[in-house]
Amino acid sequence: MANIFIVGGSSGIGKKLAENLSAAGNNIFATYFKNELQNFNSQIEYHPLDVMQNEFNFEYLPEIIDGLVYCPGSIQLKPFHRTKSADFIEDFELQVVGAVKTIQTVLPRLKKSSRASVLLFSTVAVQTGFNFHSIVAASKGAVEGLVRSLAAEFAPTVRVNGIAPSLTNTPLAERLLNTPEKMEANAQRHPMKRIGKDDDIAQAAEFLLSEKSSWITGQILHIDGGISKLKV
């Protein structure tokens, strides 16, 4: 049984991960921003959080945290000539600075664990260039750098890894998958010929949080239906 803190645990991948980890007997502390849930699971404790605020209050967390997952994200797709510097700054605040503030606040609790693991999320768009992805690729590229830097700094006490998914069928990607035609077109872009599911990513996240991955740190795991490496 582990104490796992999931920031952004009320929707999509974060919600699925919270459900899976609680079903395995872990104690889950999760946050929500807009998607407050009617929670009937005694092993998941939800608290409100706006990651764009300057300071966080995590007094409700136990003294020892074994796993920290930062899930908040956005998908702003625009032609570069239509972007503004404010778009990049806002996205960086959400995807990178929010993660930094969370890790800094929770780090003393992580260091008290004998199996501490931090998990961040990137995107396939960092290593595989896509049209109109400059905003998210820039922020998530910083996330990948943060993963490697913190993994080096925190070793051997705290492991830090990342997952770089491709398009996954979650509320975050709803406008990209809101018709059968969009679903099929995006599925065909992937060698595995389907869209990712929340559980595809959640199961990988479970592994990286578990002691089964105790010799893995500083890595970005691509869960992307093959799109980042294969041309078929």
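Located above this text is the structure these notes cover.
Everything numeric here is computed off the predicted structure, so don't read it as measured data. (Residues numbered from 1 in each chain as written. Predicted model: local features only at pLDDT ≥ 70, side-chain atom pairs only at ≥ 80, totals over all residues. Heavy atoms only, no water.)

**Section: the overall build of the protein**
On a plain count of helices and strands, the protein comes out with 5 helices and 7 strands. If you list the helices and strands of the protein from N to C, you get β-α-β-β-β-α-β-α-β-α-α-β. The C-alpha radius of gyration computed for the protein amounts to 17 Å, which stays within 12% of the reference 17 Å derived for 232 residues, consistent with globular compactness. Projecting the C-alpha coordinates of the protein onto the three principal axes gives extents of approximately 45 × 35 × 35 Å. Relative to its full complement of 232 residues, the protein shows a buried share of 50%. In the protein, the proportion of contacts linking residues at least 24 apart, taken out of those at least 6 apart, comes to 70%. Counting only carbon and sulfur atoms, one obtains 53% of the accessible surface of the protein, whose full area is about 11,900 Å². Side-chain charges in the protein split into 23 positive and 23 negative, and the spacing between the mean points of these groups amounts to 6 Å. (Helix = DSSP H or I, 4+ residues; strand = E, 2+ residues; numbered from the N terminus. Rg over C-alpha atoms; globule rule 2.2 N^0.38 Å. Buried < 20%, exposed > 50% of the residue type's maximum accessible area, 1.4 Å probe, protein only. Contact = heavy atoms within 4.5 Å. Areas by Shrake-Rupley, 256 points an atom, 1.4 Å probe, with all protein chains shown as cover. Lys, Arg positive; Asp, Glu negative; His and termini not counted. Charge placed at Lys NZ, Arg CZ, Asp CG, Glu CD.)

**Topic: the layout of surface pockets**
One number sums up the size of the second largest pocket: a volume of about 220 Å³. Lining the second largest pocket are 14 residues; nearest its centre among them are Ala 116, Pro 156, Arg 159, Ser 214 and Trp 215. In the lining of the second largest pocket, the residues fall into 6 nonpolar, 5 polar and 3 charged. (1 Å grid on protein atoms, 1.4 Å probe; cavity = no way out; pocket = protein on both sides within 12 Å on 5 of 7 lines; lining within 4 Å. Points joined across faces, edges and corners; volume = space filled by probe spheres on them. Nonpolar A, V, L, I, M, F, W, Y, C, P; charged D, E, K, R; others polar.)

**A few points about the pattern of salt bridges**
Counting across every chain of the model gives 5 salt bridges. Residue Lys 15 pairs with Glu 19 through a salt bridge whose shortest N-O separation is 2.8 Å. Within this pair, Lys 15 and its partner Glu 19 are both found in helix H1 (residues 12-23), separated by 4 residues, close to a single helical turn. Classification of Lys 15 as partly exposed rests on a relative accessible area of 28%. Judged by its relative accessible area of 31%, Glu 19 is partly exposed. (Salt bridge = Lys/Arg side-chain N within 4 Å of Asp/Glu carboxyl O.)

**Re the nonpolar core**
Counting residues in hydrophobic clusters, the biggest one holds 31 residues, and the most contacted among them are Phe 5, Leu 68, Val 106, Leu 110, Val 118 and Leu 120. Within the residue set of this core, elements represented by two or more residues are strand E1 (3-7), strand E4 (67-70), helix H2 (85-110), strand E5 (117-121), helix H3 (134-154) and strand E6 (159-165). Counting residues per element, this core draws most heavily on H2, which supplies 7 residues. With near-sequence residues (within four places) excluded, Leu 120 lies in contact with Tyr 70, Ala 99, Ile 103, Val 143, Leu 146, Val 147, Asn 161, Gly 162 and Ile 163. If you look at the next biggest cluster of nonpolar residues, it comprises 23 residues, including Ala 18, Leu 21, Ala 30 and Phe 121. (Core = buried A, V, L, I, M, F, W, Y, C linked by side-chain atoms within 4.5 Å.)

**Side note on the side chain of Thr 102**
Relative to the helices and strands, Thr 102 resides in helix H2. Since its relative accessible area comes to 1%, Thr 102 is described here as buried.

**Remarks on H2**
For H2, built from 26 residues, the straight-helix expectation of 38 Å at 1.5 Å per residue is met to within 8% by its first-to-last C-alpha distance of 35 Å. The largest bend along H2 measures about 40 degrees and falls at Glu 93. (Expected span 1.5 Å × (residues − 1). Bend = angle between axes of the 7 residues up to and from the residue.)

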